[in-house]
Amino acid sequence: METNTELLSFDLKGFVTQQREFSAGAFRPGSRKVGVANHILEECNEAQSQPDDLSEWVDLMLLSLDAAWRSGLSASEIARRIAPGRHRAGEGDLIDCLKRGDHKVTEWAIGEDGEPMTGTDNALYWIRGCARELKSDVPVSPSLFVTMFCSACDGALSNGFEPEAIARGLIEKLTRNKKRVWPDWRNFSENDAINHER
């Protein structure tokens, strides 16, 4: 009988390193910023239609990490910016960061009705804005990637997912992605979203 052990911490730096190795091989090394941004916008539509599906939020988190390392940030920089920790020993622990609320970097967007957006709508507002900025010719700040990742975390949390479930979802999704069959990236332009074969 398999036991479901509790996930007590999550090493974001180590995870980003693994995700980068997989992604560079599956989707090509280099920037691909427009292709990643296009994929993020596709995933936003999926999260909008299925906000109670953790895998949709995890997809957005993985793509934001992909965009961050492709922009030149190291795994250490990404972990430090997303999960700074209160002291050196806690730096890069995503579960601890989410429990403390240290990840919250976005403001409440104002909807068409003049009221602050909340939950899914607020998270996707910020992610879509960041993806559009990523597609532009303007150099982007590292804070853009933090906003995307943390907004996706907020979206998952606002739909009832606990920090441990989010961390486990990231690990499981990367494990599944490594086992999937992906088309040869050389058959796609840098601006294309690349999806696994179904």
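This structure is a prediction, so every number in the text was calculated from the model and none was measured. (Residues numbered from 1 in each chain as written. Predicted model: local features only at pLDDT ≥ 70, side-chain atom pairs only at ≥ 80, totals over all residues. Heavy atoms only, no water.)

> Describe the overall build of the protein, and please don't skip the residues or the numbers.
A tally of regular secondary structure across the protein gives 8 helices and 0 strands. Counting from the amino terminus, the protein carries its helices and strands in the arrangement α-α-α-α-α-α-α-α. Within the protein, the proportion of its 198 residues that are buried is 45%. Excluding contacts between residues fewer than 6 apart, the proportion of contacts in the protein whose partners are at least 24 apart in sequence is 71%. With an accessible surface of roughly 10,200 Å², the protein has 48% of that area assigned to carbon and sulfur atoms. (Helix = DSSP H or I, 4+ residues; strand = E, 2+ residues; numbered from the N terminus. Buried < 20%, exposed > 50% of the residue type's maximum accessible area, 1.4 Å probe, protein only. Contact = heavy atoms within 4.5 Å. Areas by Shrake-Rupley, 256 points an atom, 1.4 Å probe, with all protein chains shown as cover.)

> How would you summarise the nonpolar core if you had to cite specific residues and measurements?
Across soluble globular proteins, nonpolar side chains show a tendency to be buried alongside one another. With 55 residues, the main nonpolar core has Ile40, Trp57, Leu60, Met61, Ile82, Phe149 and Leu170 as its most contacted residues. Among the elements of the structure, α1 (12–27), α2 (33–49), α3 (54–70), α4 (75–82), α5 (94–100), α6 (119–135), α7 (142–158) and α8 (163–179) are those that each provide at least two residues to this core. Per-element accounting of this core gives the leading share, 11 residues, to α3. When sequence neighbours within four positions are dropped, the list of residues in contact with Met61 reads Phe149, Ala152, Cys153, Ala156, Ile166 and Leu170. (Core = buried A, V, L, I, M, F, W, Y, C linked by side-chain atoms within 4.5 Å.)

> Residue-level account of the environment of Phe188, with values.
With respect to the element layout, Phe188 can be found in the segment after α8. Its relative accessible area of 24% is what places Phe188 among the partly exposed residues. Separated by 160 residues in sequence, Phe188 and Arg28 have C-alpha atoms that sit 9.7 Å apart.

> Pulling in residues and values, what's your account of the side chain of His39?
Of note, His39 is situated in helix α2. On the accessibility criterion, His39 (11% relative accessible area) is buried. If sequence neighbours within four positions are ignored, His39 has contacts with Leu63, Ala193, Ile194 and Asn195.

> Help me get a handle on unusual backbone geometry, residues and values and all.
Notably, Arg28 is not glycine yet its phi reads approximately 95 degrees, a positive angle. You can see Arg28 is positioned in the loop between α1 and α2. Of the residues examined, Arg28 reaches a relative accessible area of 10% and is grouped as buried. The phi dihedral of Arg32 falls on the positive side, at around 50 degrees, and the residue is not glycine. On the secondary structure map, Arg32 appears in the loop between α1 and α2.

> So what's going on with α4? Residues and values would help.
Among the residues of α4, those classed as buried are Ala75, Ile78, Ala79 and Ile82. Down the axis of α4, the smallest arc covering the buried residues is 95 degrees, so these residues share one side. In this structure, the buried residues of α4 make contact with α1, α3, α5 and α7. (Arc of directions from axis to C-beta.)

> Give me the side chain of Gln19: which residues, what numbers.
Turning to its location among the elements, Gln19 is positioned in helix α1. Judged by relative accessible area, Gln19 falls into the buried class, the value being 5%. There is a polar contact of 3.4 Å between the side chain of Gln19 and the backbone oxygen of Leu62. (Polar contact = N/O pair within 3.5 Å; in protein donor to acceptor, adjacent residues only side chain to side chain.)

> Break down the packing of aromatic side chains for me, citing the residues and quoting the values.
By the definition in use, this model includes 5 aromatic pairs. Ring centres 5.7 Å apart and planes at 90 degrees place the aromatic pair Phe22 and Phe27 in the edge-to-face group. Of the two residues, Phe22 and Phe27, both sit in the buried class. Ring geometry for Tyr125 against Trp126: centres 5.2 Å apart, planes inclined by 90 degrees, an arrangement best described as edge-to-face. Following the ring pairs from residue to residue traces out a cluster consisting of Phe22, Phe27 and Trp182. Taking NZ or CZ as reference, Arg186 lies 5.3 Å from the ring centre of Trp185, over its face. (Phe/Tyr/Trp six-rings, centres within 6.5 Å; stacked < 30°, edge-to-face > 60°. Lys NZ or Arg CZ within 6 Å of the ring centre and 35° of its normal.)

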